Amino acid sequence: DQQVYCLSIEQVPVPMARWRTPDALVTDWGMGLFRTVLGVLMWLAWCTRSDLGYDCSTLAREVRRPCVRHLLLSNKVARRAQPEPVVQLVQRVQ
């Protein structure tokens, strides 16, 4: 189910100290996580979520040398990929 897949997307943890240096390159560990999240987002964009395509393309250009700001953007896109809660109204017939 696509909705379950979207809910399983994990964001890249970025320590608050790194937020102060958005142009700093990510570590090897962060690069692996960035590529993982990007791959998940690109698969979603290709299959069902074309609205994520532009952001995925922007992030894919930075896959060789991502900066902290790219990690933050990937987290933002991952949050946007999460389905919005659905409220169902039920009418009871008496």
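Residues numbered from 1 in each chain as written. Predicted model: local features only at pLDDT ≥ 70, side-chain atom pairs only at ≥ 80, totals over all residues. Heavy atoms only, no water.

S.K.: Would you take a moment to explain the pattern of salt bridges for this structure?
M.R.: The tally for this structure, following the rule as stated, stands at three salt bridges. With a shortest N-O distance of 2.8 Å, Asp23 and Arg69 are connected by a salt bridge. Here Asp23 is found in the loop between helix 2 (16-19) and helix 3 (28-47), whereas its partner Arg69 is found in helix 5 (residues 68-81), with 46 residues between them in sequence. When its relative accessible area of 54% is taken as the criterion, Asp23 is described as exposed. (Salt bridge = Lys/Arg side-chain N within 4 Å of Asp/Glu carboxyl O. Helix = DSSP H or I, 4+ residues; strand = E, 2+ residues; numbered from the N terminus. Buried < 20%, exposed > 50% of the residue type's maximum accessible area, 1.4 Å probe, protein only.)

S.K.: In this structure, what is going on with the nonpolar core? I would like to understand it.
M.R.: Ile9, Leu41, Leu44, Leu52, Leu71 and Ala81 are the most contacted members of the largest nonpolar core, which has 20 residues in total. For this core, the secondary-structure elements that each account for two or more residues are helix 3, helix 4 (53-60) and helix 5. In terms of residue count, helix 3 provides more of this core than any other element does, seven residues in total. Filtering out sequence-adjacent residues up to four positions away, Ile9 remains in contact with Val40, Leu41, Leu44, Ala78, Ala81 and Gln82. (Core = buried A, V, L, I, M, F, W, Y, C linked by side-chain atoms within 4.5 Å. Contact = heavy atoms within 4.5 Å.)

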